[in-house]
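This is what each chain is made of:
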Amino acid sequence: AVKQVPLTLIVAATPKNGIGKNGSLPWPMLKKEMAYFARITKRVPTPTNTGSLQSDTFKQNVLDGTQRNAVIMGRNTWESIPPKFRPLKDRTNIVISSQAREKLDTIPHDVVVASDIMSGLGELSSRVEAGKALPVGRAFVIGGSSIYDSALELPQTKHVLLTRIHKDYDCDTFFPDLNGHATPTESGWQRKTRSDLSNFIGEEAPDGPITESAGEEEVEFEYQLYERP
Ligand code: FOL
């Protein structure tokens, strides 16, 4: 039996599941939300603390440097990240593209380029075995639409960290409807409690919505966790 690495989707979406507009995010910069994304995708769990006690799950941090999480993204999402922030630091970046690295705009060699999620993870495993990359902690799928779609088809995708933005923005890119992918029964996606979320992310989750001033306006959002069996 070969253990497949669990995949977690992380996404921020409007009430209509909008995630993007004209190659960037639809909302003005939400500093706290972006900081949450960075913190959660960097934080590595310990496999050594057997995990019967959930509070042990996150005693190890990225700063220990024995593992690093992977972030898996499509080529458009890669290009949407400001050049000064990419590759996303302290994470192994995997870019999905049907074009070979050579035909793409200068992607550093420590970034894995692959034609699909499973080959990207396979290439990363080869690099780990060759001592050229750190062992994988968690693997996060960070978009966009078509990469989220593909990930939801994979049986190893068990969690979605969704930030629900409580405001409508005009969008041209959407997150797939979780229970269009599965029936709203026990075999489908279920929202978990705040306590489950805290345990999963390794930090206290806020109670209720967060308000952030962004540009001219105040924007409310909340962090959610979904799971499927
Ligand atoms: N998930 C959530 N919850 N929020 C998001 O904004 C988000 N964005 C993407 C995927 N999942 C998400 C894809 N888009 C950066 C920029 C765009 C982006 C993802 C990441 C980025 O620059 N991240 C830096 C932080 C930069 C900063 O602190 O301003 C990083 O280090 O992660």
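Considering the packing of aromatic side chains
Here a ring pair, both rings aromatic, is described through the centre-centre distance and the interplanar angle of the planes. Here the structure, examined in full by the defined rule, presents four aromatic pairs. Taking 3.6 Å as the distance between ring centres and 10° as the angle between the ring planes, the aromatic pair formed by Y36 and Y223 counts as stacked. Placement of the pair is Y36 in helix α1 (residues 31-42) and Y223 in strand β11 (residues 217-227), with a sequence separation of 187 residues. Of the residues examined, Y223 reaches a relative accessible area of 10% and is grouped as buried. On the numbers, 4.9 Å between centres and 75° between planes, the contact of Y148 with F175 is edge-to-face. With Y148 in helix α4 (residues 145-153) and F175 in the loop between β8 (173-174) and α5 (178-181), the pair connects residues that are 27 residues apart, well separated along the chain. Judged by relative accessible area, Y148 falls into the buried class, the value being 4%. What makes F175 buried here is its relative accessible area of 4%.

With respect to a nonpolar patch on the surface
Together, L25, M29 and M34 make up a nonpolar patch on the protein surface, roughly 280 Å² of accessible area in all. Relative to the helices and strands, M34 is located in helix α1. Looking at M34, the relative accessible area reads 32%, which means it is partly exposed.

What to know about the pattern of salt bridges
What the rule picks out here adds up to ten salt bridges. Put simply, R191 and E222 hold a salt bridge, and the shortest N to O gap is 3.5 Å. In this pair, R191 is assigned in strand β9 (residues 190-191) and E222 in strand β11, connecting sequence segments 31 residues apart. Overlapping salt bridges bring together R39, R43 and E203 as one network.

Some remarks on the site of the ligand
Near the ligand you find 18 residues, and of these I10, E33, F37, R91 and I142 are the closest. One of the side-chain nitrogen or oxygen atoms of R91 is found 2.8 Å away from an oxygen atom of the ligand. Here the ligand, which alone exposes 670 Å², has 87% of that area covered by the protein. Secondary structure elements with two or more residues in the shell around the ligand: β1 (7-13) and α1. Looking at which element gives the most residues to the shell around the ligand, the answer is α1, with four residues. Residues that form the shell around the ligand fall into these classes: 14 nonpolar, two polar and two charged.

Reading the values: rules and limits
Residues numbered from 1 in each chain as written. Predicted model: local features only at pLDDT ≥ 70, side-chain atom pairs only at ≥ 80, totals over all residues. Heavy atoms only, no water. Phe/Tyr/Trp six-rings, centres within 6.5 Å; stacked < 30°, edge-to-face > 60°. Helix = DSSP H or I, 4+ residues; strand = E, 2+ residues; numbered from the N terminus. Buried < 20%, exposed > 50% of the residue type's maximum accessible area, 1.4 Å probe, protein only. Patch = residues over 30% accessible without salt bridge, like charges linked within 9 Å, V, L, I, M, F, W, Y side chains within 5 Å. Areas by Shrake-Rupley, 256 points an atom, 1.4 Å probe, with all protein chains shown as cover. Salt bridge = Lys/Arg side-chain N within 4 Å of Asp/Glu carboxyl O. Near = heavy atom within 4 Å. Polar contact = N/O pair within 3.5 Å; in protein donor to acceptor, adjacent residues only side chain to side chain. Nonpolar A, V, L, I, M, F, W, Y, C, P; charged D, E, K, R; others polar.

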